[in-house]
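Fold and geometry: a report
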Amino acid sequence: MSADSSSSICVIGFDLDETLWSLEGVIERANQQTWAFLMAKAPAISVSGLSQHQSPNKAAIEARFEHHISNKRLHLMHDLLTQSGLNDAQAWSIARNAMDVFMRHRHELTLYDGVLEGLRELTQRFALASISNGNAQVSEVPELKGLFDFSINAEDLNSSKPAPDLFHATCDYLKCTPSSMVYVGDNLVCDVFAPHKLGIRAIWMNWHGRASTDQTVPHEAHDFSELLALIDTLD
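Here the structure is a predicted model, which is why all the values come from computation and not from measurement.

Once that is clear, we can look at helix 1 (residues 26–41). If you check helix 1, its first and last C-alpha atoms are 23 Å apart, about what 16 residues at 1.5 Å a residue would give, namely 22 Å. Taken together, the buried positions of helix 1 are occupied by Val26, Ala30, Thr34, Trp35 and Leu38. One face of helix 1 carries all of its buried residues, which in axial projection span an arc of 150 degrees. Turned more than 90 degrees away from the buried face of helix 1 sit Glu28 and Ala40, all of them exposed. Close packing links the buried residues of helix 1 with helix 3 (69–83) and helix 4 (88–106).

Written out as structure tokens, the structure is:
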């Protein structure tokens, strides 16, 4: 569905990790599978995980790819492999294949209860957008294919929430004003207070009933049925 700027709300934007699905165990399993692949291809690796890799290049890689977590991981794996004795071409080939392994397992996700049905209902009334600092892609989640009109990640703009760039880009693409957009996410700083400052109606998706700390939360939902009802009151 395309955005209609004449309606009160024309776009519902969503964060992804811990908003539409739980990330519990997902990254850990993806790391384990990736590391098993790397060790099979390069047994000379001397550390037991990428986080333990120490290199004079590590700080520069992390700074260069501050907003590009996939490229950061790819380049750190390449650096690890070259330091394990592989030549540059071998290291790039294995690192890219290892990244494919990681991303495949990174997308083995379980949606929270009611999410799929709720998104299908929302698509009948609004354009849907995903706006994420992470590297998950809704197009890689089989249940979500075709439900989102626009998706953007920090890697696309070299900018991460709470900076406004991802929100502005979404509004520009879908031709809506901030006041005609609702944004839903689990992180108070990035997903609630940041878009709220831009005039976007922000909803804290608080699946686990956490207490708010320092600022008043404009809107809050604890499950997807509550979220749908809240959106109805805002429209």
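Now, onward.
Moving on, we get to the packing of helix 3 against helix 4. Two numbers describe how helix 3 lies on helix 4: the axes approach to 8 Å, and their chain directions differ by 135 degrees. With respect to helix 4, the element helix 3 is oriented oblique. Regarding helix 3 and helix 4, the two cross each other, and that crossing is right-handed. Contacts between helix 3 and helix 4 involve Ser70, Arg73, Leu74, His75, Met77, His78, Leu81 and Thr82 from the first element and Asp88, Ala91, Trp92, Ile94, Ala95, Arg96, Ala98, Met99, Phe102 and Met103 from the second. A class-by-class count of the residues in the contact of helix 3 with helix 4 yields 11 nonpolar, 4 polar and 3 charged.

Here the focus is the sheet that holds strand 5 (residues 201–205). The parallel open sheet is built from 6 strands, whose spatial order is 3-2-1-4-5-6. Each end of this open sheet is capped by a strand with a single partner; those strands are strand 3 (150–153) and strand 6 (220–221). Direction of pairing for strand 4 (residues 181–185) relative to strand 5: parallel, over a ladder of 4 bridges. Within strand 5, the residue paired with Gly185 across the bridge is Trp204. Running over the sheet, helix 8 (residues 188–197) touches strand 4 and strand 5 and is turned about 160 degrees from strand 5.

Scored by pLDDT, the chain comes out at a mean of 93, with 96% of its residues at no less than 70. Throughout residues 1–7 the model reports pLDDT below 50, and contacts reaching past four residues in sequence, or to other chains, amount to 16 contacts.

In this structure the tally under the stated criterion is 5 salt bridges. One salt bridge in this structure joins Asp15 and Lys161, with 3.1 Å as the shortest N-O distance. One end of the pair, Asp15, is in the loop between strand 1 (11–14) and helix 1; the other, Lys161, is in the loop between helix 6 (154–157) and helix 7 (165–174), and 146 residues separate them in sequence. Both residues of the pair, Asp15 and Lys161, count as buried. Taking the shortest distance from any N to any O, the salt bridge between Asp235 and Arg125 comes out at 3.6 Å.

Reading the values: the criteria
Residues numbered from 1 in each chain as written. Predicted model: local features only at pLDDT ≥ 70, side-chain atom pairs only at ≥ 80, totals over all residues. Heavy atoms only, no water. Helix = DSSP H or I, 4+ residues; strand = E, 2+ residues; numbered from the N terminus. Expected span 1.5 Å × (residues − 1). Buried < 20%, exposed > 50% of the residue type's maximum accessible area, 1.4 Å probe, protein only. Arc of directions from axis to C-beta. Contact = heavy atoms within 4.5 Å. Axes fitted to C-alpha atoms, helices over the stretch in contact; angles between N-to-C directions. Parallel < 35°, antiparallel > 145°, perpendicular 65-115°, else oblique. Left-handed = near helix turned anticlockwise from the far one by under 90°. Nonpolar A, V, L, I, M, F, W, Y, C, P; charged D, E, K, R; others polar. Pairing = 2+ DSSP bridges. pLDDT = per-residue confidence, 0-100. Salt bridge = Lys/Arg side-chain N within 4 Å of Asp/Glu carboxyl O.

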